[in-house]
Amino acid sequence: MWDDFVEWVNALGLSENTILIAFAVVVGVGGALGVVVFYKLIDAAYGLFYRAPETFLSRSDFLAWRPLVTATGLAASWAFYRRFGKGVAGLNVPDVQLRVARHGGRIPSRPALARTAASAITIGAGGSAGSEGPVAVLGATFGSWLGRIFRFESSRVTTLVGAGAAAAISAAFNAPLAGAFFALE
């Protein structure tokens, strides 16, 4: 059924601009929703590693155990990525750039999603990490996935990868122009 739908969409004879604008809107909405989910995962990890222990430890005891809590969060993040992110050593912004330059924008979804979730665990547990890279990879991965399931040629896929990265950066930092310039880079 999906194959029939993809063939029908591709047989509509729409112009290149119409196709890219329509799919860029979908990628933009998907990238923004992905950022919301990413921040919810950070909140959940924070609740697990910081709010939960505060219920049975006093504030001074918790401060003494805080480095151990962060180390536990980092170990949980590593274990999560190792379990679910099989096949790729890691996906970050330079890896996305490499995938665009040499692989036609084909980004493997599972390792990228696992890396993003592991980053949320790290941040929520108090690890020293930022959200820029994971959200950019998340948006780019969504654009790549959408282009692949519609069997687009590599030039369209790379455009959707850029649109996804721009959408995610724009949503994460409420800075649409910064997202666009980031994607151009």
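Each remark here, short or long, concerns the structure printed above.
Residues numbered from 1 in each chain as written. Predicted model: local features only at pLDDT ≥ 70, side-chain atom pairs only at ≥ 80, totals over all residues. Heavy atoms only, no water.

Draft legend 1. Region of interest: the overall build of the protein chain. The number of helices and strands found in the protein chain is eight helices and zero strands. Expressed as a percentage of the 185 residues in the protein chain, the buried residues total 39%. Put simply, 74% of the contacts in the protein chain that link residues at least 6 apart link residues at least 24 apart. As displayed, the protein chain offers around 10,300 Å² of accessible surface, 64% of which is attributable to carbon and sulfur atoms. Of the side-chain charges in the protein chain, 15 are positive and 11 negative, and the distance between the mean point of each set is 8 Å. (Helix = DSSP H or I, 4+ residues; strand = E, 2+ residues; numbered from the N terminus. Buried < 20%, exposed > 50% of the residue type's maximum accessible area, 1.4 Å probe, protein only. Contact = heavy atoms within 4.5 Å. Areas by Shrake-Rupley, 256 points an atom, 1.4 Å probe, with all protein chains shown as cover. Lys, Arg positive; Asp, Glu negative; His and termini not counted. Charge placed at Lys NZ, Arg CZ, Asp CG, Glu CD.)

Draft legend 2. Quick peek at the pattern of salt bridges. Per the stated rule, a full pass over the model turns up two salt bridges. Among the salt bridges present, the one from Arg151 reaches Asp3, with a minimum N-O distance of 2.3 Å. Of the two residues, Arg151 is situated in the loop between helix 6 (132-149) and helix 7 (154-173) and Asp3 in helix 1 (residues 2-10); the sequence distance between them amounts to 148 residues. Between Arg156 and Glu16 there is a salt bridge, with its nearest N and O atoms 2.9 Å apart. In this pair, Arg156 sits in helix 7 while Glu16 sits in helix 2 (residues 16-56), placing the two residues 140 residues apart along the sequence. (Salt bridge = Lys/Arg side-chain N within 4 Å of Asp/Glu carboxyl O.)

Draft legend 3. Spotlight on the environment of Asn10. The topology assignment puts Asn10 in helix 1. Here the alpha-carbon distance between Asn10 and Phe152, two residues 142 residues apart in the chain, equals 8.8 Å. Discounting chain neighbours no more than four positions away, the residues touching Asn10 are Phe150 and Phe152.

Draft legend 4. Just the nonpolar core, in detail. Ranked by internal contacts, the top residues of the largest apolar core, which has 18 residues, are Phe23, Val96, Ile107, Ala140, Phe150, Phe152 and Val161. Looking at this core, the elements with two or more residues in it are helix 1, helix 2, helix 6 and helix 7. Among the elements that line this core, the one with the most residues is helix 7, at four residues. Not counting chain neighbours up to four residues away, the residues in contact with Phe150 comprise Trp2, Phe5, Val6, Val9, Asn10 and Phe23. (Core = buried A, V, L, I, M, F, W, Y, C linked by side-chain atoms within 4.5 Å.)

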